[in-house]
Structures are given as structure tokens and as C-alpha cells.
Amino acid sequence: MSTAVSNKKIWLATPTMHGDELKYMTEAYETNWMSTVGANINEVERIAAQQAQKKYAVALSCCTAALHLAVKHAGETLYGKPPISHGALEGKRVFCSDMTFDATLNPVVYEGGIPVFIDTEEASWNMDPVALEKAFELYPDVKLVVAAELYGFPGRMDVIKKICEKHGALLIEDAAEAMGATIDGRQCGSFGDYGAVSYNGNKIITGSAGGCLLTDDIEVANKARKWSTQARENAPWYQHEEVGYNYRMSNVIAGVVRGQYPYLNEHIARKKAIYERYQEGLKGLPLQMCPIMEGTEPNYWLSAVIIDREAMCRQVRDDSTALYNKEPGKTCPTEILEKLAAFNAEGRPIWKPMHMQPMYRLHEFITRSGSGRAKTNAYIAGGAEDVGADIFARGLCLPSDIKMTAQEQDAVIRVIRSCFD
Ligand SMILES: *Cc1c(COP(=O)(O)O)cnc(C)c1O
């Protein structure tokens, strides 16, 4: 029995600063480039494009803004410019990742699109290419796919891109969680027609906030820069021909991002060490670490695990609470998360799949075997046709903070082990 409590909170993922961030922020202050113009922004755009192996990066206030401008541009490219009061995807279906953070697809809804959710591949925890093919069989007229990499462990985004090309669809790649991860040596964020990365406070590197839109197309980069600064036309006065946004990154924030980039690889190495320590420390328990697909190199942002079916005690969740029946030798994410919290450590459930969210309950959800809707929020005994629901039921994210010490992580491992008593 582990009754001890860590006197220092062990976090899921927090910012890790190194000093250069303050230098660049101070430079912005001392030179009075305290707006959305300046050397830090220029540098971030240069470094971000180089890191992602794309020609252009556009620095924005957040990754959600990058995704929004990508969705809007894709919509206008595919369907033409809408009337002022309409979204660029009005009434159009868009195939979206199902097991992701909702920011991946919120912009689809901002633009009037209808998300159709594609089930998750058991082998990769990312969008299932087989289910995506199924979706194109059912809806051959769909022209846009928005796919995210989960927890920094990529699936086969290259295969997803090929499927999109085969069906004449554009791909938006949400690499918010996967900066620095690779597939066959190619950077995540570089596979889509549009890519996006995030500098949110809990990501692998951070600006406290911020994001970049990635593209090889100068037209897209120029359009995104224009739209993100209120869509001003070239004139001596404020001249407007289209709707604009206030989405540009601040030069102060850009100073933090600029200072963080040189440490990206160090952060990845430290996250990898955390994953491997869990792998070693949890050996022998009836659970699996989140999968690493052949040919991919994750950035290891969050270490997640999934409990074997036969080691799951009964667990039931409604829209805001979870209950479980303890059984000897068995556990569930709810018990582990409660024990971690009691120990002063922060875990988190798997991102709840979008097709299980109240706001999307009537939306289509496409699995390998065809179209369906959320069947149940409870743990599905036996087989798992709804892969997302199954991973949500049995999986959880473990404390993955870079500043967690080996001793602290060993204590977390002991807490997890005690749940299987
Ligand atoms: C964090 C995150 C986002 C949003 O990033 P922001 O920079 O906070 O807007 C989008 N998609 C995924 C998958 C994320 O994890």
C-alpha cells in the first residue's frame, strides 16, 4: 500500500524555460518592438519553417488560429468565396480525427462545416486509414480531411495523405502535439497541404501561447498574414474587401518561442527517457504503453498506457462523473487517476472521443466496418468495434513533466503498481 504523498506536485506537462526566452523578451522590450511586428516574429517564422521542413511558417496567436486560417483557405479553394455572412464550408462534410483535442475541429465548425468523425486505429491510436477509406466510399464528394497526431506518437500520416490525394481531397495536419516527431524521417506538420503547430503552455516547447501555420505555398502564407492582421488592403487608409482576424503572434511571445526552439531536441530526449522509465517500471503489469508505429519517431510528449481488457475492473462514466467497482488484481483509469491525485500527481483520461461528446452525438462516426454512432459510454466488454471508446475506457495519460525527477517517477510507478493489488 502506498500511502505517502509527494510534497511537490508532479505535473502532467508544464513549461520548461532555459534563460534565452527572457533575453529575447527583454530585447523586444528594450527596442520597443512590443507589438505584432519585430525580429522575434521573423526569427520564429524562419526557425519554425526550417524545423518543420516547410517553405513558410506564419506566426499566430495560437494553433487553433492556424487551423482556422487553414480551414478557411481550404474551404475557399475548394468551394469558392462565400457570401460575407457565411462560412467557407457551409453545409459541407469534413472528415476529422475522432480521438483528439476539440481544437482540431472547432475551426471546421467556425466555418459552417459538418465534422464526420473517423474512428481510431488500434495499432497507432491515430486516425484509422481503413476507416478513412470507408468514409470516402460512403461520401465520395468530401474534399477536406483534418487529422491530428495524438500525444506526439504519429500514425501513418503519409498513408492518410495518399488516401486524400487518391480522392482529390485536401489534408490539414494538426501537429500541435507532435512537433519534432517524424515519420520515415519526415517531420510531422509537413505531410498536410496545410500544417499547424502549437506553443501552448503544456506542449513540448512553449511561448506561453502561440502557434504557426505551415505551408509550401507563398499564396497561402501571404493570405494567412493578411487575414491574421484584420485583412487590411494595401491603401493609405483602412481599406477592407474581406473579413479579417486579430490572430498575429505578439513579438514578446515570439521571444519566448525563439528562446525555446534550440531546446526542442533536449525536451524530446527527456520525454523519451520518461516513456522508457515507465516502460521498464511497469513491466509485468497487464497494461501496454501507447504504441510506437514502425518507421515513426515520436516526440514522446505524453506517456499514455492502456490496461489489458482482462485486468479492467468495472467502470462506468456519465457526462461528468466516473464510478468503479474495485476487484482484486484489477483496476481501471478512474482508480489509477484517483490514486495519483491522492499522491499529488497529475494524470489525465485519454482525450474523450469527439463522437462521444454531447454536442456531436448526432454526427456521423465512421469505423472500419462502416457508419455508426456512439453506442455506449460504458466500458465495452470483449471486442471493440468502436476503437476510440475502447481506448478512452481503458487508457490514461501519466505524469510526463520534463522536470519530474527519476525518484518522483519511481514513486508514481509504485502508485500505479499498487492499483493492481
Ligand atoms: C493543444 C492543441 C491544439 C490547440 O493549440 P493552441 O495553440 O492552444 O490553440 C490543437 N490541436 C491539438 C491536437 C492540441 O493538442
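Residues numbered from 1 in each chain as written. Predicted model: local features only at pLDDT ≥ 70, side-chain atom pairs only at ≥ 80, totals over all residues. Heavy atoms only, no water.

Asks: Please provide a residue-by-residue account of the overall build of the protein chain, values included.
Replies: Within the protein chain, the secondary structure is distributed over 12 helices and 18 strands. Radius of gyration (C-alpha) of the protein chain: 22 Å, near the 22 Å computed for a compact globule of 421 residues. Seen through its C-alpha atoms, the protein chain measures out along the principal axes to roughly 75 × 55 × 40 Å. Here the protein chain, with 421 residues, has 57% of them falling under the buried criterion. Put simply, of all contacts in the protein chain between residues at least 6 apart along the chain, 69% involve residues at least 24 apart. With the model as given, the accessible surface of the protein chain reaches about 17,300 Å², and the carbon-plus-sulfur share is 53%. One finds the centroid of the 45 positive side-chain charges in the protein chain at a distance of 1 Å from the centroid of its 53 negative side-chain charges. (Helix = DSSP H or I, 4+ residues; strand = E, 2+ residues; numbered from the N terminus. Rg over C-alpha atoms; globule rule 2.2 N^0.38 Å. Buried < 20%, exposed > 50% of the residue type's maximum accessible area, 1.4 Å probe, protein only. Contact = heavy atoms within 4.5 Å. Areas by Shrake-Rupley, 256 points an atom, 1.4 Å probe, with all protein chains shown as cover. Lys, Arg positive; Asp, Glu negative; His and termini not counted. Charge placed at Lys NZ, Arg CZ, Asp CG, Glu CD.)

Asks: I'd like a rundown of the site of the ligand, residues and numbers included.
Replies: The ligand sits among 14 residues. The nearest are T64, D174, E177, S198 and K203. Here N200 contributes a side-chain N or O atom positioned 2.9 Å from an oxygen atom of the ligand. Across the complex, the protein chains shield 93% of the 380 Å² of accessible surface that the ligand would expose by itself. For the shell around the ligand, the class distribution of residues is 5 nonpolar, 6 polar and 3 charged. (Near = heavy atom within 4 Å. Polar contact = N/O pair within 3.5 Å; in protein donor to acceptor, adjacent residues only side chain to side chain. Nonpolar A, V, L, I, M, F, W, Y, C, P; charged D, E, K, R; others polar.)

Asks: For helix α2 (residues 39-52), give the residues involved together with the corresponding values.
Replies: Over its 14 residues, α2 runs 20 Å from end to end, which matches the ideal 20 Å to within 8%, given 1.5 Å per residue. Residues of α2 that are buried include every one of N40, I41, V44, E45, I47, A48, A49 and A52, and no others. Close packing links the buried residues of α2 with α1 (20-30), β1 (56-60), β7 (186-187), β9 (211-215), α7 (218-228) and α8 (251-260). Of the residues one or two after α2, Q53 is the one with positive phi, at around 60 degrees. (Expected span 1.5 Å × (residues − 1).)

Asks: Explain α1 residue by residue, including any values.
Replies: By the burial criterion, the buried members of α1 are E21, Y24 and A28. The arc that holds every buried residue of α1, seen down its axis, measures 75 degrees, which confines them to one face. For α1, the exposed residues lying more than 90 degrees away from the buried face are L22, Y29 and E30. At the C-terminal side of α1, N32 shows a positive phi close to 65 degrees. (Arc of directions from axis to C-beta.)

Asks: Tell me about the domain arrangement of the protein chain, and please be specific about residues and values.
Replies: Entries for the protein chain in the domain assignment read domain 1 (20-262) and domain 2 (264-418). Taking only C-alpha atoms, the centre of domain 1 and the centre of domain 2 are 27 Å apart. For the pair domain 1 and domain 2, the summed buried surface comes to about 4,100 Å²; carbon and sulfur atoms form 63% of the total. The largest per-residue losses of area from domain 1 upon contact with domain 2 belong to W125, Y151 and F153, which jointly make up 21% of the total buried on that side. The tally of links from domain 1 across to domain 2 stands at 3 salt bridges. The partner of R368 in a salt bridge is D128, with the nearest N and O atoms 2.6 Å apart. For the pair domain 1 and domain 2, the interface holds 24 residue pairs in polar contact (both at pLDDT 80 or more). At the level of secondary structure, the elements contributing two or more residues to the side of domain 1 that touches domain 2 comprise β2 (93-97), α4 (106-110), β3 (114-118), α5 (129-138) and β6 (182-183). Of the residues assigned to the side of domain 1 that touches domain 2, the class counts are 28 nonpolar, 12 polar and 12 charged. (Domains from an automatic or database assignment. Buried area = accessible area lost by both parts, 1.4 Å probe. Salt bridge = Lys/Arg side-chain N within 4 Å of Asp/Glu carboxyl O.)

Asks: Describe the state of the cysteines, with residues and values.
Replies: Inspection of the entire model under this criterion finds 0 disulfides. C332 forms no disulfide, and the closest cysteine sulfur to it belongs to C313, at a distance of 3.7 Å. (Disulfide = S-S within 2.5 Å.)

Asks: So what about the packing of aromatic side chains? Which residues, and what values?
Replies: Working definition: an aromatic ring pair is given by the centre-to-centre distance plus the angle between the planes. For the structure on display, the rule yields 9 aromatic pairs. Ring geometry for F153 versus Y300: centroids 5.4 Å apart, planes at 80 degrees, classification edge-to-face. Of this pair, F153 sits in the loop between β4 (144-148) and α6 (157-166) while Y300 sits in the loop between β11 (296-297) and β12 (304-307), and the two are 147 residues apart along the sequence. Note on F153: relative accessible area 3%, which makes it buried. Taking the centre distance of 5.1 Å and the plane angle of 20 degrees together, the rings of Y245 and Y247 count as stacked. Put simply, the rings of Y151, W301 and W351 touch in pairs and so form one group of aromatic residues. Across the ring face of W11, the terminal group of K9 is positioned such that the distance to the ring centre comes to 4.8 Å. (Phe/Tyr/Trp six-rings, centres within 6.5 Å; stacked < 30°, edge-to-face > 60°. Lys NZ or Arg CZ within 6 Å of the ring centre and 35° of its normal.)

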